[in-house]
Amino acid sequence: MQKEKISIVIPCYNEQETIPIFYKEVTKIADEMKDLDFELLFINDGSNDNTLNKIKELVKIDTRVRFISFSRNFGKEAAIYAGLEQAVGDYVTIMDADLQDPPSMLKEMYQVLKIEKYDMAGTRRVTRKGEPPIRSFFARCFYKIINKTSNIEMIDGARDYRLMTRQVVNAVLLLKEYNRYSKGLFSFVGFKTKWLEYENVKRVAGESKWSFWKLFLYAIEGIVAFTTVPLSIAAILGLVICIVSFIAIIFIIVKTIIFTDPVGGWPSLVCILLFMSGIQLLCMGIIGKYLAKTYLETKKRPIYIIKETEKDL
Ligand code: UDP
Ligand code: MG
């Protein structure tokens, strides 16, 4: 009987220090899971250091290693999509190269799929230890907002690290949108997911590519991708202001008729004007955000472009 195969997709962007350590750890686990075949699919996301050469060295010594090298940096989301598309395994997992996703959990994840018959085994960090408190605060706010306003459920602390069946992979691949927000896409497709919890681990080497600002923009990306509630808020805000100003107009007219009007109140007028134009700009910005996404989506640009793969060696 042919062995089942697990494909490990590893998005790599400037990970020259971590790749050899990662490889050692993962192969150790792979060797322990003897009744399974493995495929290590490295996605070189346009690194500008020695990452590609490090991967090529591995291809030479291990036939299980494959790679795709992008023509430039397309981002982790694109790397994930490419990996899912090119992986051939019966199960596919996505793992960071920095060992922040402990490979040792793979065994348990496989059990969850194989024995407990789940479709997906996800991982979630239960602690945000070692993270600046302000970042944790914003992260929590983000999950509150997105879960209240969209009809999919996003789990706080959920990682991209998950093991899924071929069926789930094919479902995710059906979602061909250009603006990809994987956390949302994985919940969108549904299926039965079991969450395994673990403590946060620091990356083994190199640096995180996520600054606070990048994370903030990513959060907005997620909100725009999965809910249109901000548009409704803009509309409701407009309506409320209309009603309030209508009442104010009547009040002023009545007041003028009864008391006649001494000129005055221009500072308050300026404040109101500024406030109103602020709100108008804000709402236009919100609409613009959605419009921009639609614009990018209609272009139907490819999600990633391959420069070379292991077949070219
Ligand atoms: N990564 C990528 N393309 C990018 C940025 C990151 O493929 O543009 C990869 C990176 O090499 C790593 C994973 O995504 O394997 C997670 O990145 P990182 O460790 O910087 O993020 P963090 O763990 O801090 O969220
Ligand atoms: Mg990391």
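Numbers given to residues run from 1 along each chain, matching the order in which its sequence is written. Chain labels run from A onward and ligand labels from 1 onward, assigned in the order the entries are written. In view of the model being predicted, local features appear only for residues whose pLDDT reaches at least 70, and side-chain atom pairs are presented and counted only at 80 or more, with totals across whole chains, interfaces and linings using the full set of residues. Computation of side-chain values: all heavy atoms of the structure, hydrogens and water removed.

A. Molecular detail of the packing of aromatic side chains. Aromatic pairing here means that ring centres of Phe, Tyr or Trp (its six-membered ring) are within 6.5 Å. Orientation follows from the plane angle: under 30 degrees is stacked, over 60 is edge-to-face, and everything else is tilted. In total, this model carries twelve aromatic pairs according to the counting rule given. Seen in terms of ring centroids, Phe-22 and Phe-42 are 6.1 Å apart; in terms of plane orientation they differ by 80°. Their pairing is edge-to-face. Taken together, the positions of Phe-22 in helix 1 (residues 18-32) and Phe-42 in strand 2 (residues 36-44) put the pair 20 residues apart, joining distant regions of the chain. Taking the relative accessible area as the measure of exposure, Phe-22 reaches 0% and is therefore buried. Ring centres of Phe-142 and Tyr-143 lie 5.2 Å apart, and the angle between their planes is 70°; on these two criteria the pair is classed as edge-to-face. Note on accessibility: Phe-142 and Tyr-143 belong to one class, buried. Taken together, the aromatic side chains of Phe-142, Tyr-143, Tyr-181, Tyr-218 and Phe-226 make up a single cluster linked through ring pairs. Throughout this description, the term charge over a ring refers to an Arg CZ or Lys NZ atom that lies within 6 Å of the ring centre and within 35 degrees of the ring normal. Lying across the ring of Phe-74, Arg-72 places its NZ or CZ 3.9 Å from the centre. Above the plane of the ring of Tyr-118 lies Lys-192, whose end atom (NZ or CZ) is 4.9 Å from the centre. Each helix is a run of DSSP H or I of at least 4 residues and each strand a run of E of at least 2, with the numbering of both proceeding from the N terminus. Only protein chains enter the accessibility calculation, which uses a 1.4 Å probe; a residue whose area is less than 20% of its type maximum is buried, one above 50% is exposed, and one in between is partly exposed.

B. Region of interest: the layout of surface pockets. Each pocket or cavity is described by its volume, and for the second largest pocket that value is around 580 Å³. Forming the walls of the second largest pocket are 20 residues, and the residues nearest its centre are Ala-248, Ile-252, Ser-268, Leu-269 and Ile-272. Sorting the residues of the lining of the second largest pocket by element identifies helix 9 (229-259) and helix 10 (266-299) as the ones contributing at least two each. Examining the composition of the lining of the second largest pocket, we find that nine residues originate from one element, helix 9, more than from any other. All amino acids are sorted into three groups, where Ala, Val, Leu, Ile, Met, Phe, Trp, Tyr, Cys and Pro are nonpolar, Asp, Glu, Lys and Arg are charged, and the leftover types, Gly among them, are polar. Partitioned by chemical class, the residues of the lining of the second largest pocket number twelve nonpolar, six polar and two charged. Definitions used throughout: a 1 Å grid over protein atoms alone; a cavity as a set of points that fits a 1.4 Å probe which cannot get out; a pocket as an open set with protein on both sides within 12 Å along at least five of seven lines; a lining residue as one with an atom within 4 Å of a point. Grid points are joined across faces, edges and corners, and a volume is the space filled by probe spheres set on the points.

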